[in-house]
Amino acid sequence: MSDLSCIAPTLSIARLSDQFIVQQASIEDLSAVLEIYNQSIPSKQATANLAVVTIDERAAWFDEHLNSPTRPIYVVKALASSEKTTNKSPTVVAWGSFSDLYARTAYHISTEISVYLHQNYHGQGLGSLLTRWMLTQAPSLGIHNVIALIFAHNQPSLGLFRKLGFEQWGYMPKICDMQGFIADVVMLGLAVTSDNGDNNSETP
């Protein structure tokens, strides 16, 4: 299993690096979360949604996560000194969530992880930073297994998760009609324990 040394779990705000902080999402973050999600749709790399989604369409999903003690949404905010804008308030530049893998009760120990970055923050290691931090939170949420469902053609995401110790747990060929091509989906999984968050001597 890979070294997941990172910041200790927290219930409020954690500093991912000198540039970024992470915290649980609030209702005020919905529009920023949705903006980042919609940015990922045209590339057909990260989501099976093929059309832009609206706030009304995602409001119930967002509320469900906000009200769940074990399936949170986290938002990453860029501190003012590192932002690519003149906005002085921390700006949401990425988000991640834990979602039910399957609705049946016995699956509660397993969850699907999703991570999305603002298009201006790709290629800076932020996806790895957020994912590593989320893995340190998982045991305190009662999560034993973290699963990532990734398109087989999304090589950057496959590489990121494999670098963090995820292994292939399944492969679903020709499962998504992406309106132009048929996509395979890879299931990557990682068993997590409290040990994932115990070594906090350094920040990646």
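Look a little higher up for the structure.
We now examine the pattern of salt bridges. Side chains carrying opposite charge are able to pair once their charged atoms draw close together. This model, assessed by the stated rule, comprises 2 salt bridges. Ionic pairing is found between aspartate 29 and lysine 77, a salt bridge with its closest N-O pair at 3.9 Å. Of this pair, aspartate 29 sits in the loop between strand 2 (20–24) and helix 1 (30–39) while lysine 77 sits in strand 3 (residues 73–78), and the two are 48 residues apart along the sequence. For aspartate 29, a relative accessible area of 6% translates into the label buried. Two residues, arginine 71 and aspartate 100, come together in a salt bridge whose shortest N-O distance is 2.8 Å. With arginine 71 in the loop between helix 2 (55–66) and strand 3 and aspartate 100 in strand 4 (residues 91–100), this residue pair connects regions lying 29 residues apart in the sequence.

What follows is about the nonpolar core. Phe20, Val76, Phe98, Leu126 and Val146 are the most contacted members of the largest nonpolar core, which has 34 residues in total. Elements supplying a minimum of two residues to this core: strand 2, strand 3, strand 4, strand 5 (110–117), helix 3 (126–137), strand 6 (145–151), helix 4 (155–163) and strand 8 (182–191). In terms of residue count, helix 3 provides more of this core than any other element does, 6 residues in total. Sequence-distant contacts of valine 76, defined by excluding residues within four places in its chain, comprise Leu16, Phe20, Ile21, Val22, Thr91, Val92, Val93, Ala94, Leu126 and Leu130.

We now examine the environment of methionine 187. Mapped onto the elements, methionine 187 comes out in strand 8. A relative accessible area of 22% places methionine 187 in the partly exposed class. Between the C-alpha atoms of methionine 187 and alanine 148, which are 39 residues apart in sequence, the distance is 5.9 Å. Discounting residues that sit within four places of it in the chain, methionine 187 has contacts with Ile147, Ala148, Leu149, Glu167, Gln168, Trp169 and Gly170.

What follows is about the sheet that holds strand 2. Spatially, 8 strands are ordered 1-2-3-4-5-6-8-7 in an open sheet, and the strand pairing comes out mixed. Both edges of this open sheet fall to strand 1 (13–15) and strand 7 (167–177), since each of them pairs with a single strand only. On average, adjacent strands in this sheet sit at an angle of 25° to one another, irrespective of strand direction. As paired elements, strand 7 and strand 8 share 7 bridges and run antiparallel to each other. Bridged to tyrosine 171 within strand 8 is valine 186.

Right, let's get into unusual backbone geometry. One non-glycine residue, lysine 44, lies in the positive phi region at around 55°. Following the sequence through the fold, lysine 44 ends up in the loop between helix 1 and helix 2. For lysine 44, a relative accessible area of 21% gives the class partly exposed. One non-glycine residue, glutamine 179, lies in positive phi territory at about 55°. Inspection of the secondary structure assignment puts glutamine 179 in the loop between strand 7 and strand 8. Classification of glutamine 179 as exposed rests on a relative accessible area of 59%.

Moving on: the pairing of strand 4. Residues in a regular strand point their side chains to alternate faces of the sheet. Of all the 10 residues making up strand 4, 8 are buried; the element is thus mostly covered by neighbouring parts of the structure. One ladder, built from 6 bridges, connects strand 3 with strand 4; its direction is antiparallel. Opposite alanine 78, over in strand 4, you have threonine 91 as the bridge partner. Two elements, strand 4 and strand 5, share 7 bridges in a ladder whose sense is antiparallel. The residue bridging serine 97 from the neighbouring strand is serine 114, located in strand 5.

Reading the values: the criteria
- Residues numbered from 1 in each chain as written.
- Predicted model: local features only at pLDDT ≥ 70, side-chain atom pairs only at ≥ 80, totals over all residues.
- Heavy atoms only, no water.
- Salt bridge = Lys/Arg side-chain N within 4 Å of Asp/Glu carboxyl O.
- Helix = DSSP H or I, 4+ residues; strand = E, 2+ residues; numbered from the N terminus.
- Buried < 20%, exposed > 50% of the residue type's maximum accessible area, 1.4 Å probe, protein only.
- Core = buried A, V, L, I, M, F, W, Y, C linked by side-chain atoms within 4.5 Å.
- Contact = heavy atoms within 4.5 Å.
- Pairing = 2+ DSSP bridges.
- Axes fitted to C-alpha atoms, helices over the stretch in contact; angles between N-to-C directions.

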